[in-house]
Amino acid sequence: FFLWALIGMLISPYTWEGFHIFRKTIPFLAFSLAYIFAEDSLKEKISSYASTGIIIGITGSLLYLFIVMGIHFRQANETSILSVFSHRFTYFNFINPLKTHPTYFSVWILLSNYFVFNSKRINGYLKAILLGFFFIGMVFVLSRIGLLLYALQLLGVFFYLSKKWKKIYLGSLALFLFLGIY
């Protein structure tokens, strides 16, 4: 990825714009080189470090986005709390402080969902809190592709649950569908 950005910058007539794009790819080069020259013991631990970093990063980013959204909601003098779900406070307007696309950010949320769900070091209550927090974040990110992938992720989780939790899961899903239709 880094090499393609470098080649594009060198042959492009838009050198200054290419430099800005090239500058964004430098971490890819640094991380790749760090991984290539790392010791084998560190390479074995990298997945736990990366998953923890992604979980903390997404949680912090969502906290920041919710605080900014709360400030904007307060300044807007809205009369109803339900207007927080309007387009003024969701999708691009929600994710705008991070200067990224909602679909990309929703993929990061899904990745952190996966890491939280499969983590052995996080206890059950914290898992439930984090997964609920990520779900609320996904609702405000409102990316269609992200929501579709989230539904597929939930469907995949369904097959890992015991019989009791499958009933709770289906009951909750039916309740949410009923509330959504109502």
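None of the values given here were measured: they were computed from a predicted structure.

## What to know about the packing of helix α6 (residues 124-141) against helix α7 (residues 144-158)
Stage number 1. For the pair α6 and α7, interaxial distance at closest approach is 11 Å and the crossing angle is 145°. Two secondary-structure elements touch here, α6 through L131, F135 and M138 and α7 through G146, L147 and Y150.
Stage number 2. For the contact of α6 with α7, the residue count by class is five nonpolar, one polar and no charged.

## Let's talk about the pattern of salt bridges
A pair can form between side chains of opposite charge whenever their charged atoms are brought close.
Stage number 1. For the coordinates displayed, the defined rule picks out one salt bridge.
Stage number 2. Note that E78 is salt-bridged to R88, the shortest N-O span being 2.6 Å. Residue E78 is found in the loop between α3 (40-75) and α4 (92-95), and its partner R88 is found in the loop between α3 and α4; the two are separated by ten residues along the sequence.
Stage number 3. Overall, E78 belongs to the partly exposed group, its relative accessible area being 27%.

## What to know about the environment of I36
Stage number 1. Following the sequence through the fold, I36 ends up in helix α2 (residues 15-36).
Stage number 2. The exposure class assigned to I36 is exposed, which follows from its relative accessible area of 53%.
Stage number 3. Considered as a pair, I36 and I21 are 15 residues apart in the sequence and their alpha carbons are 24 Å apart.

Conventions we followed
- Residues numbered from 1 in each chain as written.
- Predicted model: local features only at pLDDT ≥ 70, side-chain atom pairs only at ≥ 80, totals over all residues.
- Heavy atoms only, no water.
- Axes fitted to C-alpha atoms, helices over the stretch in contact; angles between N-to-C directions.
- Helix = DSSP H or I, 4+ residues; strand = E, 2+ residues; numbered from the N terminus.
- Contact = heavy atoms within 4.5 Å.
- Nonpolar A, V, L, I, M, F, W, Y, C, P; charged D, E, K, R; others polar.
- Salt bridge = Lys/Arg side-chain N within 4 Å of Asp/Glu carboxyl O.
- Buried < 20%, exposed > 50% of the residue type's maximum accessible area, 1.4 Å probe, protein only.

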